[in-house]
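Read off the chains here:
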Amino acid sequence: MRLDLISKAYPTREVLGALSLKVARGERLAVLGPSGIGKSTLLRILAGLDRDYRGTLGGETRRAVVFQEPVLLPWRDALANITIPTGCDSATAQDWLAQVGLAGQGAKFPRQFSLGQQRRLALARAFAAAPDILLMDEPFASLDGETAGRMVALTDALLSRSGAGLVLVTHSPDEARALRATEWRLSGQPAQLQKD
């Protein structure tokens with residue numbers, strides 16, 4: 001996947017300036033920077049969710065996104081929260097539930113899970129899509145330190161097992177290092193990307 005961005009602007013200001021970002025399957029990148037600099041905007045462009053920019057996004061890569069919030073279907077059980085968005089079969093969904101520590105809980109609804117478990121379900125859904133590149137937007141925010149640490153370790157193990165690449169948006173250099181991601185920083189106005 002390769003992004004060659006000329007600019008991304010909102011009506012009141014230009015958020016992102018010219019930048020290039022390339023990531024391949026198995027490669028891990030972390031994008032750091034202060035709040036409001038444009039990290040989430042960059043991730044939405046990479047995910048194909050924001051097409052209102054000047055530049056090009058190329059590469060025949062399957063992508064999956066893990067957002068800041070789990071973004072689950074509250075009226076569907078855990079199994080359906082995986083099978084419906086990804087199109088995978090029930091056996092694959094159950095396997096991914098087991099890999100994130102939720103074996104045998106496919107009939108539960110999101111409200112029956114803790115926030116940490118909901119994040120695990122969102123992670124299972126992302127990997128069930130068999131992505132070449134996993135895009136993560138501050139996925140460990142609002143978790144206590146111990147739970148966040150377990151989630152980082154789980155994500156690292158699943159990335160290694162699946163061979164997927166990673167683009168992580170985070171405030172935390174510690175998370176980037178724990179996931180063995182090359183660190184890039186967004187800074188300036190409009191923001192540009194520089195290797196840390």
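These remarks concern the structure in this document. (Residues numbered from 1 in each chain as written. Predicted model: local features only at pLDDT ≥ 70, side-chain atom pairs only at ≥ 80, totals over all residues. Heavy atoms only, no water.)

As for its placement among the helices and strands, Gly 58 is situated in strand S5 (residues 54-58). Note on Gly 58: relative accessible area 31%, which makes it partly exposed. Taking the C-alpha atoms as reference points, Gly 58 and Leu 3, separated by 55 residues in sequence, lie 6.5 Å from one another. When neighbours within four sequence positions are excluded, Gly 58 is seen to be in contact with Met 1 and Arg 2. (Helix = DSSP H or I, 4+ residues; strand = E, 2+ residues; numbered from the N terminus. Buried < 20%, exposed > 50% of the residue type's maximum accessible area, 1.4 Å probe, protein only. Contact = heavy atoms within 4.5 Å.)

Glancing now at the packing of helix H2 (residues 78-86) against helix H3 (residues 90-99). Relative orientation of the contacting elements H2 and H3 amounts to 120°, with a least axis distance of 9 Å. Looking at the two axes, H2 sits oblique to H3. Seen along the crossing, H2 lies across H3 with a hand that is right-handed. Along its contact with H2, which presents Ala 78, Leu 79, Ile 82 and Thr 83, the element H3 presents Ser 90, Ala 93, Gln 94 and Leu 97. When grouped by side-chain class, the residues that make up the contact of H2 with H3 number five nonpolar, three polar and no charged. (Axes fitted to C-alpha atoms, helices over the stretch in contact; angles between N-to-C directions. Parallel < 35°, antiparallel > 145°, perpendicular 65-115°, else oblique. Left-handed = near helix turned anticlockwise from the far one by under 90°. Nonpolar A, V, L, I, M, F, W, Y, C, P; charged D, E, K, R; others polar.)

Turning our eyes to something else, we now look at the packing of aromatic side chains. One pass over the structure, following the stated rule, counts one aromatic pair. With a centroid separation of 5.4 Å and an interplanar angle of 15°, the aromatic rings of Trp 96 and Phe 127 are classed as stacked. Here Phe 127 lies in helix H4 (residues 115-128) and Trp 96 lies in helix H3, a separation of 31 residues in the sequence. With respect to burial, Trp 96 and Phe 127 carry one shared label: buried. (Phe/Tyr/Trp six-rings, centres within 6.5 Å; stacked < 30°, edge-to-face > 60°.)

Let us look at H3. Within the sequence span of H3, burial applies to Ala 93, Trp 96, Leu 97 and Gln 99. The arc enclosing the buried residues of H3, seen along the axis, measures out at 160°, which places them on a common side. Looking at the buried side of H3, the elements it contacts are H2, H4 and helix H5 (145-162). Of the residues trailing H3, Gly 101 is marked for its positive phi of about 85°. (Arc of directions from axis to C-beta.)

What the rule picks out here adds up to eight salt bridges. A salt bridge links Arg 25 to Asp 132; its shortest N-O distance comes to 3.3 Å. Taken as a pair, Arg 25 in the loop between strand S3 (19-22) and strand S4 (28-32) and Asp 132 in the loop between H4 and strand S7 (133-137) lie far apart in primary sequence, 107 residues in all. For Arg 25, a relative accessible area of 45% gives the class partly exposed. (Salt bridge = Lys/Arg side-chain N within 4 Å of Asp/Glu carboxyl O.)

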